[in-house]
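Descriptive structure summary
Residue strings, one per chain:
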Amino acid sequence: MEDSVSRMRSGSLVHCGSGLRNMAARIIARCVRSLNHRAVCFNSINTAATLTAAPLTHGRTFSQLTNGHKSPLAQISGSSFQVFQWRQYGDLPPLTLETIHDRVLYVLKLYDKITPEKLQATSHFMKDLGLDSLDQVEIIMAMEDEFGFEIPDADAEKLMTPQEIVQYIADKKDVYE
Amino acid sequence: MAVSRLPPAALSLKQFLQRQKVLGVYRDLLRSIRKIPIESDRRYLRDWAREEFKRNKSETDQDVIRMMITQAHNHLEDLRRSLALAGC
């Protein structure tokens, strides 16, 4: 087992060099894109000259780092023409009613006191599924964990069906359709 | 003769308030348990809390319920203090 681990380690070291090259290429691409973005903002006339000039200069200065690795640079100059909207924020993908619905039902199916076959969007926790108020508190806690925001007590005790939960989350997260 | 419009299983105001207190302390307990870093401890305490509350679910004497709510609050304070000391 030891020599397979050492073989893996030596193999990863060999790939490390190309990994560094790819990383450097990605950094170049990011600089180029930000430069293009700023250039597009300031220049109203989007000439091909400004676009080609930027990647080439960056490419030449960084070419020593990349050891003359041609293909990522060619990719950069090709992709720089397309990337004009560059989201600068880090955030989760936007929610839709359908994804909320799927996630809520998924969490409910994982709950051990609910049989997945009987579960529907309109099944009442207490009347249809035979749960009690303590279980309902646990379910709402699980929803808080899943969606990452706190549900206050006053609202939590009113949510009695999966459909109500979906509606509440959509209200709180401003999801319209 | 006053005919009561409430269903037979309706709680009195005091009972209703007590029920809300019980659910509130259960929720606070679960929220504090969520902050525990070690997964196995978290699971153990969650099962313990669930067991404790389920076991006494059928209690009807208001004084006994009040005593149990106080006990739950004490457990909650202990947990919060331990978490604060541990730095979570």
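Residues numbered from 1 in each chain as written. Chains lettered and ligands numbered in written order. Predicted model: local features only at pLDDT ≥ 70, side-chain atom pairs only at ≥ 80, totals over all residues. Heavy atoms only, no water.

**Section: the overall build of chain B**
Here is the rule: Note on conventions: DSSP H or I runs of at least 4 residues are helices, E runs of at least 2 residues are strands, and numbering of each starts at the N terminus. Burial classification: accessible surface area is computed with a 1.4 Å probe over protein chains only, and a residue below 20% of its type maximum counts as buried, one above 50% as exposed, and the rest as partly exposed. Contact between two residues is taken to exist if any of their heavy atoms lie within 4.5 Å; hydrogens are not considered.
Within chain B, the secondary structure is distributed over 3 helices and 0 strands. Reading chain B from its N end, one meets helices and strands in the order α-α-α. Here chain B, with 88 residues, has 26% of them falling under the buried criterion. Pairs at least 24 residues apart make up 69% of the contacts formed inside chain B by residues separated by at least 6 positions.

**Quick word on the confidence of the model for chain A**
Residues and elements named next belong to chain A. We apply this condition: pLDDT expresses how confident the predictor is about each individual residue, on a scale running from 0 to 100.
In this model, chain A carries a mean pLDDT of 72, and residues with pLDDT of at least 70 account for 53%. Confidence, expressed as mean pLDDT per element, reaches its minimum in chain A at helix H2 (residues 48-62) with 45 and its maximum at helix H5 (residues 133-147) with 93. Across residues 43-70, confidence stays below pLDDT 50; counting only partners more than four residues off in sequence or on other chains, it has 22 contacts.

**Considering the interface of chain B and chain A**
Cut-off, in case you're wondering: When two components associate, each loses some accessible surface as probed by a 1.4 Å sphere; the sum of these losses over both components is called the buried area. Basic side-chain nitrogens of Lys or Arg form a salt bridge, by our definition, when they fall within 4 Å of a carboxyl oxygen of Asp or Glu. Polar contact criterion, stated in full: a pair of N or O atoms within 3.5 Å, where within protein one must be able to donate a hydrogen and the other to accept it, and residues adjacent in sequence count only if both atoms are side-chain atoms.
Listed per partner, the contact involves 13 residues of chain B and 18 residues of chain A. The largest share of the area that chain B buries against chain A comes from B:Arg27, B:Arg34 and B:Arg50, three residues that together contribute 40% of it. Taken together, chain B and chain A are joined by 10 salt bridges. B:Lys57 is the partner of A:Asp132 in a salt bridge, and the nearest nitrogen-oxygen pair spans 2.7 Å. Between chain B and chain A we count 13 residue pairs in polar contact (both at pLDDT 80 or more) in total. The set of elements that each furnish at least two residues to the side of chain B that touches chain A consists of helix H1 (13-34) and helix H2 (39-55) of chain B. A total of 9 residues in the side of chain B that touches chain A trace back to one element, the largest contributor, which is H1(B).

**Describing the pattern of salt bridges**
When the charged atoms of two side chains with opposite charge come close together, those side chains can pair. For the structure shown, the criterion picks out 17 salt bridges over all chains. The partner of B:Arg27 in a salt bridge is A:Asp153, with the nearest N and O atoms 3.0 Å apart. Placement of the pair is B:Arg27 in helix H1 and A:Asp153 in helix H6 (residues 153-156), with the two residues belonging to separate chains. B:Arg43 is paired through a salt bridge with B:Glu39; the nearest N and O atoms lie 3.7 Å apart. With B:Arg43 and B:Glu39 both in helix H2, this residue pair falls 4 residues apart, about one helical turn. What you see here is one network of salt bridges that share partners, running through A:Lys113, A:Asp132, A:Asp135, B:Lys54 and B:Lys57.

**So, the packing of H1(B) against H2(B)**
Residues and elements named next belong to chain B. Operational definition: Only the stretch in contact is used when fitting a helix axis, every axis being a line fitted to C-alpha atoms; angles between N-to-C directions are given from 0 to 180 degrees. Angles are sorted into four bins: roughly parallel if under 35 degrees, roughly antiparallel if over 145, roughly perpendicular if 65 to 115, and oblique for all others. Under this grouping Gly is polar, as are all residues other than the nonpolar Ala, Val, Leu, Ile, Met, Phe, Trp, Tyr, Cys and Pro and the charged Asp, Glu, Lys and Arg.
Across the interface, H1 lies against H2 with an axial gap of 9 Å and an inter-helix angle of 170°. Regarding the angle of H1 to H2, the classification is roughly antiparallel. Residues Val22, Val25, Tyr26, Leu29, Leu30, Ile33 and Arg34 of H1 form the contact with H2, whose own contacting residues are Arg42, Leu45, Arg46, Ala49, Arg50 and Phe53. A breakdown of the residues in the contact of H1 with H2 according to their chemical character gives 9 nonpolar, no polar and 4 charged.

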